[in-house]
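Chain by chain, the residues:
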Amino acid sequence: MATQKSKGMLYGLGFLVLGIWGLIVYRLFSAVQGTDDVAVKVAPVPFTARQDLPAAMPDTFRLLTDYPDPFTGEAAIKPDTLKRRPVAAGSAISAAPPAVVMPNPLEQMKYLGFVSGGKDVRQRVAIISYNGQEKMMRIGDTLAGVRLLDIGLNAVRLKYRKETRTLKTE
């Protein structure tokens, strides 16, 4: 008798599941086919006459372009304010090219310290900051034309062209 009751319940639940799935499939097909006629009332949009915009108005703002470049930090380039005379078509302009001044890389270097593998001075490696980057140099190495001559406990000796300079730790 217990099996008869469970069989009846099994058939009842099976029909219930088939009914629910049938309803889901019916809803999907009816939504895709668009058989539901739904009336949507749209309120009429009042017509307004065309209005002319006012004549060009002066700008009420001004761009500030004298801030430094956010990527390089360099100052903004000022606009050319020189009043130049027009050059005649046939005349030749003779101007010497501007002299290019190369910055001294010793001015941009800082000695941060050294790393040593023992008591031998030749095993020391100096840590030099140049243009915001830390570089490791041994005696005799060259960076931007600057040669490392000696590594001391608190200073290094560097040579650039004919100038020899001692940098102390900072």
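Described in the following lines is the structure provided in the data block. None of the values given here were measured: they were computed from a predicted structure.

Attention now moves to the nonpolar core. Formed by 15 residues in total, the largest nonpolar core has its most connected members in Met-109, Tyr-111, Ala-126, Ile-128, Leu-148, Val-156 and Leu-158. Elements with a contribution of two residues or more to this core: β1 (109-115), β2 (125-130), β5 (146-151) and β6 (155-160).

For the rest of this paragraph, the subject is the pattern of salt bridges. Evaluation of the coordinates by the stated rule reveals two salt bridges. Note that Glu-107 and Arg-165 form a salt bridge whose closest N and O atoms lie 3.0 Å from each other. In this pair, Glu-107 sits in the loop between α1 (2-33) and β1 while Arg-165 sits in strand β7 (residues 163-168), placing the two residues 58 residues apart along the sequence. Overall, the relative accessible area of 54% leaves Glu-107 in the exposed class. Judged by relative accessible area, Arg-165 falls into the partly exposed class, the value being 23%. Here Arg-165 and Glu-163 are joined by a salt bridge, their closest N and O atoms 2.6 Å apart. In this structure Glu-163 comes out as partly exposed when scored by relative accessible area, which is 31%. Counted as one network, the salt bridges with shared partners bring together Glu-107, Glu-163 and Arg-165.

Let's shift gears to the side chain of Ser-30. Take Ser-30: it is sitting in helix α1. Looking at Ser-30, the relative accessible area reads 13%, which means it is buried. There is a polar contact of 3.0 Å between the side chain of Ser-30 and the backbone oxygen of Arg-27.

This part takes up unusual backbone geometry. Notably, Asn-131 is not glycine yet its phi reads approximately 55 degrees, a positive angle. By the element assignment, Asn-131 lies in the loop between β2 and β3 (133-137). Relative accessible area serves as the criterion here: at 52%, Asn-131 is assigned to the exposed category. In this model, Ala-144 sits at a positive phi of 55 degrees, which is unusual for a non-glycine residue. Take Ala-144: it is sitting in the loop between β4 (142-143) and β5.

Moving on to the packing of aromatic side chains. Between two aromatic rings, the relevant description is the distance of the centres plus the angle of the planes. All chains considered together, the criterion is met by zero aromatic pairs. Between Arg-124 and the ring centre of Phe-114, over which it is positioned, the NZ or CZ distance is 4.7 Å.

Secondary-structure assignment places Asn-104 in the loop between α1 and β1. Within the structure, the side chain of Asn-104 is placed 3.1 Å from the backbone nitrogen of Leu-106, a separation counted as a polar contact. If sequence neighbours within four positions are ignored, Asn-104 has contacts with Tyr-160, Glu-163 and Arg-165.

Turning our attention to a nonpolar patch on the surface. There is a patch of nonpolar side chains on the surface, built from Met-9, Leu-13, Leu-16, Val-17, Ile-20, Trp-21, Ile-24 and Leu-28 and spanning about 820 Å² of accessible area. When you line up the elements, Leu-16 lands in helix α1.

This part is about the sheet that holds β6. Pairing is antiparallel across the open sheet formed by four strands, whose spatial order is β4-β5-β6-β7. Where the open sheet ends on each side, the last strands, each with one partner, are β4 and β7. The pairing of β5 with β6 spans five bridges and is classified as antiparallel. For Asp-150, the partnering residue across the bridge sits in β6 and is Arg-157.

About the cut-offs
Residues numbered from 1 in each chain as written. Predicted model: local features only at pLDDT ≥ 70, side-chain atom pairs only at ≥ 80, totals over all residues. Heavy atoms only, no water. Core = buried A, V, L, I, M, F, W, Y, C linked by side-chain atoms within 4.5 Å. Buried < 20%, exposed > 50% of the residue type's maximum accessible area, 1.4 Å probe, protein only. Helix = DSSP H or I, 4+ residues; strand = E, 2+ residues; numbered from the N terminus. Salt bridge = Lys/Arg side-chain N within 4 Å of Asp/Glu carboxyl O. Polar contact = N/O pair within 3.5 Å; in protein donor to acceptor, adjacent residues only side chain to side chain. Phe/Tyr/Trp six-rings, centres within 6.5 Å; stacked < 30°, edge-to-face > 60°. Lys NZ or Arg CZ within 6 Å of the ring centre and 35° of its normal. Contact = heavy atoms within 4.5 Å. Patch = residues over 30% accessible without salt bridge, like charges linked within 9 Å, V, L, I, M, F, W, Y side chains within 5 Å. Areas by Shrake-Rupley, 256 points an atom, 1.4 Å probe, with all protein chains shown as cover. Pairing = 2+ DSSP bridges.

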